[in-house]
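So you can see what is in the structure, the chains are spelled out below.
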Amino acid sequence: MTTIAETGTTAGISLGKRQRQIVTPEGVALTVELADRGSRAAAFMLDVVFIICIMVAGGILLALTSGLLHRWVAVIAILGFFLLRVFYFPVTELHFRGATPGKRILGLRVIDRSGGPLKPEAIVVRNLMREIEVFIPLTIVAVPGVTGFDSLIQLLLIAWIGIYTLMPLFNRDGLRVGDMVAGTLVITAPKAALLPDLAGQKRTSAVITRRSETAESPYQFTPAQLGVYGVYELQTLEAVLRRAEPGSAAGRQEIARRIRAKIGWPDPSQSKVEEKGFDATAFLEAFYAAQRAHLERRMLFGKRRKDKHDKT
Amino acid sequence: MEVRPREAATLKSTQFRREREPSWRELEDLLEKLRKSSPRALTPQELTRLPTLYRGALSSLSVARSISLDQSLLAYLESLANRAYFQIYGPRAGFGRVALNFLRRGFPQAVRRQGGAMLLGILLTAVAALAGYYLCIGNAEWYYTLMPDAMADGRLPTSSAEELRKFLYETDVPGGDVLSIFASFLFVHNAGIGIACFALGFAFGLPTALLLIQNGLMLGAFVALYVGHGLGLEIGGWLIIHGSTELLAVALCGGAGLALAKAMLFPGDQARLAALAEAGRNAGQVALGCVLMFVVAGCLEGYARQLVVTLWARYTIGGLMLLFWTLYLLQPLPPAAEDEAR
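Conventions we followed
- Residues numbered from 1 in each chain as written.
- Chains lettered and ligands numbered in written order.
- Predicted model: local features only at pLDDT ≥ 70, side-chain atom pairs only at ≥ 80, totals over all residues.
- Helix = DSSP H or I, 4+ residues; strand = E, 2+ residues; numbered from the N terminus.
- Buried ≥ 20, exposed ≤ 12 C-beta atoms within 10 Å, placed from the backbone.
- Contact = placed C-beta atoms within 7 Å.
- Pairing = 2+ DSSP bridges.
- Axes fitted to C-alpha atoms, helices over the stretch in contact; angles between N-to-C directions.
- Parallel < 35°, antiparallel > 145°, perpendicular 65-115°, else oblique.
- Left-handed = near helix turned anticlockwise from the far one by under 90°.
- Nonpolar A, V, L, I, M, F, W, Y, C, P; charged D, E, K, R; others polar.
- Expected span 1.5 Å × (residues − 1).

A closer look at the overall build of chain A
On a plain count of helices and strands, chain A comes out with 13 helices and four strands. Within chain A, the fraction of its 312 residues that count as buried is 29%. Across chain A, the fraction of contacts at a sequence separation of at least 24, relative to all contacts at a separation of at least 6, is 69%.

Remarks on the pairing of strand β2 (residues 29–34) of chain A
Residue and element names in this part refer to chain A. With five bridges joining them, strand β1 (residues 19–23) and β2 adopt antiparallel strand pairing. When the bridges of β2 are listed, Ile22 appears paired with Leu30. In textbook terms, the turn of a hairpin is the stretch between consecutive antiparallel strands, and for β1 and β2 this stretch comprises five residues, one of which, Gly27, has a positive phi near 85°.

Quick word on the packing of helix α12 (residues 248–263) of chain A against helix α13 (residues 280–300) of chain A
Residue and element names in this part refer to chain A. With their axes 9 Å apart at the nearest point, α12 and α13 run at an angle of 50° to one another. Relative to α13, the element α12 is oriented oblique. Taken as a pair, α12 and α13 cross one another with a handedness that is left-handed. Each of Arg252, Gln253, Ile255, Ala256 and Ile259 in α12 lies in contact with α13, whose residues at this interface are Ala280, Thr281, Phe283, Leu284 and Phe287. For the contact of α12 with α13, a count of residues per class yields seven nonpolar, two polar and one charged.

Here we look at the environment of Asn215 of chain B
All names here are of chain B. Considering the arrangement of structural elements, one finds Asn215 in helix α11 (residues 206–228). Judged by the 21 C-beta atoms lying within 10 Å of it, Asn215 falls in the buried class. For the pair Asn215 and Ala251, spaced 36 residues apart in sequence, the C-alpha separation works out to 9.4 Å. Ignoring any residue separated from it by four or fewer positions in sequence, one finds Asn215 in contact with Thr125 and Val250.

Describing the environment of Met118 of chain B
All names here are of chain B. Take Met118: it is sitting in helix α6 (residues 115–138). Met118 gets classed as buried once you count the C-beta atoms within 10 Å, which come to 25. Placed 177 residues apart in sequence, Met118 and Val295 show a C-alpha to C-alpha distance of 20 Å. Apart from the residues within four sequence positions on either side, Met118 is in contact with Val111, Leu252 and Gly255.

Comments concerning the interface of chain A and chain B
Facing the 76 residues of chain A at the interface are 67 residues of chain B. No other element matches α13 of chain A, which puts 10 residues into the side of chain A that touches chain B. For the side of chain A that touches chain B, the per-class residue count stands at 49 nonpolar, 14 polar and 13 charged.

What to know about helix α3 (residues 73–95) of chain A
Helical geometry: 3.6 residues make up each α-helical turn, so side chains three or four residues apart lie on a common side. Residues and elements named next belong to chain A. Between its first and last C-alpha atoms α3 spans 28 Å; for 23 residues at 1.5 Å apiece the expected length is 33 Å, and the helix comes up short by more than 12%. Along α3, the residues that are buried comprise Val86, Phe89, Pro90, Thr92, Glu93 and Leu94. Immediately downstream of α3, the backbone of Arg97 shows phi near 55°, a positive value.

Structural data, given as structure tokens:
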């Protein structure tokens, strides 16, 4: 039985707390990982640092060339500051396909919230809104008396505008005001390596040296034994097998012992393996391969067993 | 019946992976190249392969979800499809193309899509200006209330007509460099106010409306001051030469902010966030266009107003600018560029 929650997403892919699904124009649901607020703040700080660096460099350049263009120094300074403030973010975000230099360094990306193409206007809008998120509050705090109100009203004003600055803390998707207005989402650009298939022929070298594959494996399982666990347990086992740190041998012994007790292996019809010759890693790998084959076959018939409590 | 390892070795998912893996690797290499440099680094053949490989990766992902339980494979495909998706559906056109397209049709179209809000912005300014004018004409004391001291800059109801006139015609025109500084300062100042007007629309439009009304009231009070001293025609020329551009831009920015507020307060059939995003993208284009208008206004105010002192010339320039903006914003739009249809 497929639960409603499962049909809500695609093919029973369960979403983590920080994951969202977008549907690409091709109609395939992609799982994206929300950027956490800390790295977004850090990316912004980096960008601010870059802006300051550009300003300092520009200032030095202006000072050096002031003899040549002395009439224009002030104009360039005034315009340059404004253009940097307003256009640094949208121009770099356009150029680097949805990431300012700061975001690039931290591996963040801006995408369209509904999964469509990220339009240039969305990039412009989300960055113009920085005005009320950053620049107006900064001015109010940094320049006393700029609003012309007395201190109490000033305090209320800061509190009120602070809501907009702190907006990412108040919603689950970490949207800032600019993201809301532009319909965008900031995510971490994922980069997962393709690891060898544990159930395939490409065994990890460690296993091949330990046990030549020519002899028939002593670890065989009956369908009844494979019917005990579900997908969740299988994938947990996969994570265990992929973990290669030293000291995992004892852990594997323990896991193998528990699995054997749970599924009743070996049953009377199966050849006994002497305790001394028992190899936990080989056992777990064989069990993983058999279990996966079993579950995947059932999946082809539309029966996806979520975990060991699933009565499918 | 026993499940033998030989069967396990030829799982459908393993076989599937063996067949598709080369194309994933190829896509991965292309993506890495793209990330490191620009699309120009790819050969034409590679560029044409990219969408095919992307769709292949997406289909692999769909298949893998339904036949494979190998978590690392799923994670890999998910990330591969993700990264390819960014490249395919990231902003594609370069900045120059975007800018040109924006000037040709984006800006006028954006203004017209939210025409109601724009009219409301203009209306708010106009009504406030009229109110300010009649208040001050009736009772000069109002001027002190409506006009902040810094803005008044010594121009008070108690000033003589001669003093007031001096403000309208700079007798000693400073050198060109001072004018450029003045013009760029005015641009930065006004553009900042314009962007704030737009962005504050997110606060349900109240601050935006207040800014527009305050702007209008000051305008009205200022005009009333000069009319009271018999300088009505002169103040008109002084204002219209840059005001036809600047005030219009402020009103449009305000309109953009009000459009945001409308989407938040009355989202209609859509979800509030979706309505906001739709209105926001459009309104943002208006605000961006207004920044360009402020560039023009800054030049008019910084240079033209200081250099052109003949009354009729001032009226002509100001009037022509107004005509230009009206025609530009209401022109029949050129057909959409082909990448809009993508």
